Structures are given as C-alpha cells and as structure tokens.
Amino acid sequence: MIVCVAHNIISPLGVTSADNYAAVKSGRSALKRYDGLWGLPEPFVASLLDRDAYADDRQTIDEKIVIDSVSRALENTSVDVTSSRVLFIISTTKGNVFLLDKRANAFPQERVRLGMMAREVTRHFGNPNEPIVVSNACISGVCAQIEAMRYLESGAYDYVIVCGVDVQSAFIVSGFQSFKALSPDECKPFDANRQGLNLGDAAATIVFTKKDKVGDNEWVACRGAIRNDANHISGPSRTGEGSYRALKVALGDMEPEKLAFINAHGTATSYNDEMESIAIERAGLAGVPVNSLKGYYGHTMGAAGVLETIISMQAVDDHNILGTRGFDTLGVTHPLDVSNQNRATEKRAFIKLLSGFGGCNAALLMAKGGLR
Amino acid sequence: MRHSVIITPDHVIVDGNPLMHNEKGSVLLTELYRNHIGDYPKFFKMDTLSKLGFIASELLLNAEGNRSFEPREDRAVILFNRHASLQADTAYQATIQDPDNFFPSPAAFVYTLPNIVTGEIAIRNKYFGETSFIVIDDYDEKIIMENLKNAFQDPMTTSIIGGWVDCSDEEHFEAKIFLIEKEN
Amino acid sequence: MDELIYTLKQQIIEALNLEDMKPEDIDDNASLFGEGLGLDSIDALELIVMMEKNYGIKLKDPTQGKEIFKSVAVMADFIAKNRTK
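These numbers were taken from a predicted model, which means no experiment stands behind them.

On to the overall build of chain B, then. In terms of helices and strands, chain B carries 6 helices and 7 strands. Of the regular secondary structure in chain B, the N- to C-terminal order runs β-β-β-α-α-β-α-α-α-β-α-β-β. Taken against the 2.2 N^0.38 rule, which gives 16 Å for 184 residues, the C-alpha radius of gyration of chain B at 16 Å falls within 12% of a compact globule. Overall, the C-alpha framework of chain B stretches about 55 × 35 × 35 Å when taken along its three principal axes. Here chain B holds 184 residues, and the buried ones make up 61% of them. Across chain B, every contact between residues at least 6 apart in sequence was considered, and the portion connecting residues at least 24 apart equals 65%. When the accessible area of chain B is evaluated, it comes to approximately 6,900 Å², of which 51% is carbon and sulfur surface. Side chains of chain B carry 16 positive and 29 negative charges; the gap between the two charge centres is 6 Å.

Rendered as structure tokens:
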C-alpha cells in the first residue's frame, strides 16, 4: 500500500499543514483584490505570498517555497534525501515563467525550464536523481501523486517526495483575464451567482512510501486515474466525460457511502462546476457531500492537487467536512450536497477530483487505514 | 515498440524508413500536414509543439493502420520534453510585454501548457484514456521507458502513444514517439 | 461599409488563423458560429480582443458576443456604430 508519511503546505494562510487547516476550518482566506498590481489594467482577486519575504538573487520564489515546504515535511521523518532510493516529483503548470518578462533580469533564462527549476531543488537537498516534473495543467498535483504511487509500486524507490507549486504573475493573471474566467469578487464555487475563479500562490508537499501493513491512522493513496474528455482544449465536456471516467476508476468497487466527501475542483467558473455536477451524478455519487477549497486559497494550479489533498486528509482526521467558502445557493443542474458550513463526519475516505486545460481530468481515492 | 516516428527540422522517419519531403523547419510541418492529413483546419491554430506532436501522432497512427476514430479509453498519450511550452509562452508574452500595446491573446494563452498537445491528439482520435505530460531537462530514454511502463499499472491502459516531443522555438523542434503495447 | 466588411473579413482570417480561407470565401450573412464558419469559444474571445485592438471597442460582457458575432454583416454594423479608432 502507498502511504503518506509526511506533508506540508506553504501558503498565505501559513507555513505548516496544521496552521493552514486551522485557518480554513475557521473560515479564513487570504483572498484580496489587487488593483494595478504588476501593471495589469484590470483588477483581480488573489491569495498571494509576500514576494519581498522571498526576494533572493540565488533562488526564485518557486524554488524557495518548494525547498521550504519539502524541508518542513521531512523534519520529523527519517528519510535520507541524499539517497538514490528517494525520488523528487515536482508538479507545476508555469514554474518560473515570470522570467520571460524582459524586465525581470535577475536569473539566467535557462531557469525558465521546469527541469532546471526542479534541479535547483534536488541540488539543494543533495538528491542524485533526475527530478520528474509533471506539467499536466491544473490536474498536475493529482497526476504527480499517481506517478508517485506507480514508482513506489514498481519497487524502484523507497520514498517519493511530491511537491506541487505555482506562483502567480502578470503572465498567468492576464491570460485568465483574456479568457474572462476571473471573478471580480471572491469566488463562489457551485453557487448560482458564481462569476469565475480567483488565483493563488502555494507550495504543498506529500512524502509517500510503500508499506505492507498500515495502521488505522495512516493515510493510504488507494487508486487514482487520469482521463480525457476528448472534446475541446479549454472548454469542459458537456457530458463530464473525462471527469466521470476518472471518478469511476478511482472509486472502483468502494461503496459511495464510505466516502466522507468529494473534494471537487470547484473553480467557480460557470462551466467547470456544472460539468463536475454532471460527472458526479453520472458516477452515482450525487449523495456524497461535495466541497471546494478554492474559496480559501483561490486556484493554486500546480499546487492545488497536493494542497487540497492534504487539507482533506486533515479534515477527515478532524471528523470534519469543510464548508465551501463562498457558496450560498446551489447553481448547478444536478443537485449536489454542498454547504458553506463545516459538518461532522465519522467516515474515513474521500476522493480528490480535478480538471484542467487540455481536456484532462484526475481523481484520487484516499482512505485512512486503507480500503477495508 | 511496434511503431515509431522521428521528426526533426530536417528529417522524418517512420518505422525506420525516411519519409520524402521537400521542406525544412516550420515549413516542413505545414508540408507534412498537407501531404498526410489535410482535413483538420484546427491545425493552423496550434502552436509549434502541438503541430509537431499532432503530426507525429498522425504518422504513427497511419503506420499502425485501421484508423477508426472510434472512442476508446484503453489508449494513453504520455509525452515528455525539455522546454515545456516555451515557444507558446514566448508568443503569449509578446502580447503582454508592452504596456502600451497590451492585448493578451486567449488563442495564444491556451497553448501555454505543454499538455495541450496530448489534448489535441485525444480530441482528434476520441481517446478518453489517460493523457499526461512530463518535463525532464535532458532526453533520457531510460526515464521515459520506465515511466511509460509504469503507466500500464492503470488497469484499463493497453497501449500508449509515448515519447519525446520538444520545441524551443518555431524552427527548433524534435519528436521521437512510439506506439507501445502492453505485452511488450 | 463594403470596405469595412472586406477589411473585417481579412482581420478575422488573420486573428483566427483560418489559413486556407480568403475574404471571398466568407459570406456576409453566414453565421460565424455553429453551422457557418464553425468558430468556437476561444475564437469568440479572440474576436473580442481583435475588436479592441483594431477598433478600440471594449466589450465588458463576453455574452454580448453572441449577438454581435452573428455574422460579418452584423459585426461590421456594430463596429461602424461603436468604433473609437
């Protein structure tokens, strides 16, 4: 079984997983409206790290927060990060893309390459292996976890360190603005008045290993799947094709009643949330509570799959289904069980669901103590 | 490996046999489109990485033969490269670089993710299976093959279009992809 | 207006990478989306950018696009009435 050994989140809500969970549980977010930031003519709402706090001429902010997050995750483990039996998998959509701006001259252009960014990280830790960078749009964070599961199952490594990261910039914000995908206010996942997404910075790490026996309180990554809509490179499928198929494979023969919740992608765009409601209904999971964390963090892109999995594990540990911040009234065709209040649960498993540009979708089944 | 395709700015090789062509560089990609595909106008909206991967996959699938375009979930598309979506990123950056000529282009932005090429291949062929993209800083066949072998752990995947599809700018690109079946 | 319509067709072809089309191939009144030219959601967004870039028209609400982009003739009419460039 593939087991989670340690984890960490670095975000505007804190630098430990515990601090992040506490903030989310109490309904806090770092979402703010920015007007004129980075020379952008249109205002936007985002959850951003303090860039001055990470200013450095040796490492970019992405590299720094990955190194920080991985370091903190490894703190109470006995993982020898210099061993060839340890693999790094980084999940990111745009990495150091802000270096393409001619006005940003601090680093050599080669650091725009995701592999170079990842090597900065493995070099810091003295790890001898070539890092794997998963860049599969917004589902990267779950893909990276599925990759980790596969590498561990194959026996090639003893530990896989998965770190998802993305940091916002004019490049990314302007791009989503050109798609008219951003909400002028704090986002409202699954809500009837939702107007689009917010964006966010974060780095999140999970360390995985393979074990034959697992304790009741150990988190097991049971099954994951990635499927494509085969429909359009940016618009979600009207039948939720890829999302439904990924969900079906991840769920497998697990009874839906055993799921505490589905943590959806829930970006609060008109199309995504509608599509997810279709997919969840098709998969026979309409009775399972659904939530979205985008109202606390914004969309953290390459970090999202990892960050949202960690928060979800902590919620189950806390016997809690986190409320969907920003949600008031259901605004999708298929009735989903969404609430803006925290709710109690005794269940011990959840599914993390994501979708991304390129028609890709991913689902991951996590169960405390494994499948029983 | 049952089938393979190599495309560089100068060469095109399908299953070990050179394919005739007159052009080189970016014009070569257009020539290949017109001579071997021709019925997919969306091609002209693609960035160079997507054009490269799309054409390479078309030649690969033509080599396999029996093209049906019937929806299937058992074939994965898993590609690797060094430069991610750099050519598309550079093209998009140009639309926002100058504050006095600031017109972010959605058509350019959508290609600023390396996995879009896998989506284009999935759409063309109605592949509902796994699509993924991985970046490593040097071409490494061992890493690629190990990763593709691992992908067969998905219980439904029986074949994979996998390999290297890289592009740093419109005139510099390289594709080396394979059609791999589970039994191999 | 004829000149605007012709120019507009050229601009649409360029903005949307309609490689094998010439202005003569686009009927003034053919629908741009759905049946006619078969343009999609990204094309619609790109046309919004094109209108701002070439004619100084800012569309606040993208859903307005549905009405404006009905055909080249409708689009040209809208531009003639609202252009600031």
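Moving on: the sheet that holds strand E7 (residues 199-200) of chain A. Residue and element names in this part refer to chain A. Pairing in this open sheet of 3 strands is mixed, and the strands run E2-E3-E7 from one edge to the other. The open sheet has two edge strands, strand E2 (31-34) and E7, and neither has a second partner. Sheet topology places E2 next to strand E3 (residues 44-47); 4 bridges connect them, and they run antiparallel. The partner of Lys-32 across the bridge, within E3, is Ala-46.

Contacts between chain A and chain B engage 55 residues on the former and 50 residues on the latter. Taken together, both faces of the contact between chain A and chain B bury some 4,400 Å²; the carbon and sulfur share is 56%. At the junction of chain A and chain B, the tally comes to 8 salt bridges. Glu-73 of chain B serves as the salt-bridge partner of Arg-245 of chain A, at 2.3 Å between the closest nitrogen and oxygen. Counting across the interface, chain A meets chain B through 27 residue pairs in polar contact (both at pLDDT 80 or more). Elements with a contribution of two residues or more to the side of chain A that touches chain B: helix H3 (114-125), strand E5 (132-134), helix H4 (140-153), helix H5 (170-178), strand E9 (219-228) and helix H6 (241-251) of chain A. Its residues assigned to classes, the side of chain A that touches chain B shows 28 nonpolar, 13 polar and 14 charged. Alignment of E5 of chain A against strand E5 (residues 131-135) of chain B, held across 2 bridges, turns out to be antiparallel. Directly across from Val-134 of chain A, in E5 of chain B, lies its bridge partner Ile-134 of chain B.

So, about H6 of chain A. Residue pairs spaced three or four apart in an α-helix point in one direction, given the helix's 3.6 residues per turn. Residue and element names in this part refer to chain A. Burial analysis of H6 places 10 of its 11 residues in the buried class, the great majority of the element. Those residues of H6 that are buried lie in contact with E9, strand E10 (259-263), helix H7 (270-282), strand E14 (349-356) and strand E15 (360-368). Gly-252 lies just past H6 and shows a positive phi near 60°.

What follows concerns the confidence of the model for chain C. On average, residues of chain C score 91 in pLDDT, and 100% of them reach the 70 mark or higher. For this predicted complex, the interface confidence comes out at an ipTM of 0.97, alongside a pTM of 0.97.

What follows covers the interface of chain C and chain B. Taken together, the contact pairs 12 residues of chain C with 9 residues of chain B. Together chain C and chain B conceal approximately 1,000 Å² of surface at their shared face, both sides included; 60% is due to carbon and sulfur atoms. Our count for the contact surface shared by chain C and chain B stands at 2 salt bridges. One salt bridge in this structure joins Lys-45 of chain B and Asp-43 of chain C, with 2.8 Å as the shortest N-O distance. At the boundary of chain C with chain B, the tally comes to 6 residue pairs in polar contact (both at pLDDT 80 or more). In the side of chain C that touches chain B, the residues fall into 5 nonpolar, 1 polar and 6 charged.

Turning to the pairing of E3 of chain A, a few remarks are in order. If a strand is regular, its side chains alternate between the two faces of the sheet. All names here are of chain A. Burial along E3 is two-sided: Phe-44 and Ala-46 facing one way and Val-45 and Ser-47 facing the other are all buried. Sheet topology note: the E3/E7 ladder contains 2 bridges and is parallel. Residue pairing across strands places Ser-47 opposite Gly-200, the latter belonging to E7.

It is worth spelling out the environment of Gln-11 of chain C at this point. Within the secondary structure, Gln-11 of chain C sits in helix H1 (residues 2-15). Discounting chain neighbours no more than four positions away, the residues touching Gln-11 of chain C are Met-50, Asn-54 and Tyr-55 of chain C.

Between its first and last C-alpha atoms helix H2 (residues 48-64) of chain B spans 24 Å; for 17 residues at 1.5 Å apiece the expected length is 24 Å, and the two agree. Counting buried residues in H2 of chain B gives 14 out of 17 residues, a clear majority hidden from the surface.

In total, this model carries 19 aromatic pairs over all chains according to the counting rule given. Residues Phe-171 of chain A and Tyr-92 of chain B carry aromatic rings whose centres are separated by 5.0 Å and whose planes lie at 70° to one another, so their mutual orientation is edge-to-face. Of this pair, Phe-171 of chain A sits in helix H5 while Tyr-92 of chain B is found in helix H3 (residues 86-96), placing the two residues in two different chains. Of the two residues examined, Phe-171 of chain A and Tyr-92 of chain B, each falls in the buried class. Aromatic side chains Tyr-33 of chain B and Phe-44 of chain B sit 5.2 Å apart centroid to centroid with 80° between the ring planes, which places their arrangement in the edge-to-face category.

Another aspect to go through is the packing of H5 of chain A against H3 of chain B. Their axes nearest at 11 Å, the elements H5 of chain A and H3 of chain B cross at an angle of 80°. Judged by the inter-axis angle, H5 of chain A sits roughly perpendicular to H3 of chain B. Facing Ala-170, Phe-171, Ser-174 and Gly-175 of chain A of H5 of chain A, the residues of H3 of chain B in contact are Asp-89, Tyr-92, Gln-93 and Ile-96 of chain B. Residue composition of the contact of H5 of chain A with H3 of chain B, by class: 4 nonpolar, 3 polar and 1 charged.

It is the contact of H4 of chain A with helix H6 (residues 141-151) of chain B, at a shortest axis distance of 10 Å, that shows an interaxial angle of 95°. Classified by the angle between their axes, H4 of chain A and H6 of chain B sit roughly perpendicular to one another. From H4 of chain A, Glu-147, Arg-150 and Tyr-151 of chain A reach across to H6 of chain B, where they touch Glu-146, Asn-147, Asn-150 and Ala-151 of chain B. Residues that form the contact of H4 of chain A with H6 of chain B fall into these classes: 2 nonpolar, 2 polar and 3 charged.

On to the pattern of salt bridges, then. Residues and elements named next belong to chain C. One pass over the full model with this rule turns up 47 salt bridges over all chains. Among the salt bridges present, the one from Lys-58 reaches Glu-52, with a minimum N-O distance of 2.9 Å. Given the relative accessible area of 25%, Glu-52 is considered partly exposed. Lys-70 is the partner of Glu-67 in a salt bridge, and the nearest nitrogen-oxygen pair spans 3.1 Å.

Let us now look at the pairing of strand E8 (residues 202-210) of chain A. All names here are of chain A. Most of E8 is tucked away: 8 of the 9 residues are buried. Relative to E8, strand E1 (residues 2-10) runs antiparallel, the two being bridged by 8 bridges. When the sheet's bridge partners are listed, Cys-4 is paired in E8 with Phe-208. Pairing of strand E6 (residues 159-166) with E8, which is carried by 8 bridges, proceeds in the antiparallel orientation. By the bridge assignment for E8, Val-160 is matched with Phe-208.

Reading the values: the criteria
- One numbering rule holds for all chains: residues counted from 1, following each sequence as written.
- Chain labels run from A onward and ligand labels from 1 onward, assigned in the order the entries are written.
- Only residues with pLDDT of at least 70 are given local features in this predicted model, and only at 80 or more are side-chain atom pairs given and counted; all residues enter the totals for whole chains, interfaces and linings.
- As a rule here, side-chain values come from all non-hydrogen atoms in the structure, and water together with hydrogens is ignored.
- By definition, any uninterrupted DSSP run of H or I lasting at least four residues is a helix, any uninterrupted run of E lasting at least two residues is a strand, and each is numbered from the N terminus.
- Note on method: radius of gyration uses C-alpha positions; expected globular size equals 2.2 Å times residues raised to 0.38.
- Partly exposed residues are those whose accessible area sits between 20% and 50% of the maximum for their type, while under 20% is buried and over 50% is exposed, using a 1.4 Å probe and protein chains only.
- Every residue pair with non-hydrogen atoms within 4.5 Å of one another is taken to be in contact.
- For the area figures, the Shrake-Rupley method with a 1.4 Å probe applies, and any residue is considered shielded solely by the protein chains shown.
- His is not counted, nor are the chain ends, whereas Lys and Arg count as positive and Asp and Glu as negative.
- A single reference atom marks each charge: NZ on Lys, CZ on Arg, CG on Asp, CD on Glu.
- In short, DSSP must find at least two bridges between two strands for them to pair.
- The term buried area denotes the loss of accessible surface (1.4 Å probe radius) that occurs when two parts are joined, taken as the sum for both partners.
- Put simply, a salt bridge is a Lys or Arg side-chain nitrogen that is within 4 Å of an Asp or Glu carboxyl oxygen.
- Under this definition, polar contacts are N or O atom pairs within 3.5 Å; protein pairs additionally need one hydrogen-donor-capable and one acceptor-capable atom, and for neighbouring residues in sequence, both atoms have to be side-chain atoms.
- Throughout this entry, Asp, Glu, Lys and Arg are counted as charged residues, while Ala, Val, Leu, Ile, Met, Phe, Trp, Tyr, Cys and Pro are counted as nonpolar. The remaining residues, Gly among them, count as polar.
- The pLDDT value tells you how sure the predictor is about a given residue, anywhere from 0 up to 100.
- One less than the number of residues in a helix, times 1.5 Å, gives the span that helix is expected to have.
- Note on ring pairs: Phe, Tyr and Trp rings are taken, using the six-membered ring of Trp, and paired if centres are within 6.5 Å. Classes follow the plane angle, with under 30 degrees stacked, over 60 edge-to-face and the rest tilted.
- Here, axes are lines fitted to C-alpha atoms. For helices the fit covers the stretch in contact, and angles between N-to-C directions go from 0 to 180 degrees.
- In these notes the angle categories are as follows: under 35 degrees is roughly parallel, over 145 is roughly antiparallel, 65 to 115 is roughly perpendicular, and the rest is oblique.

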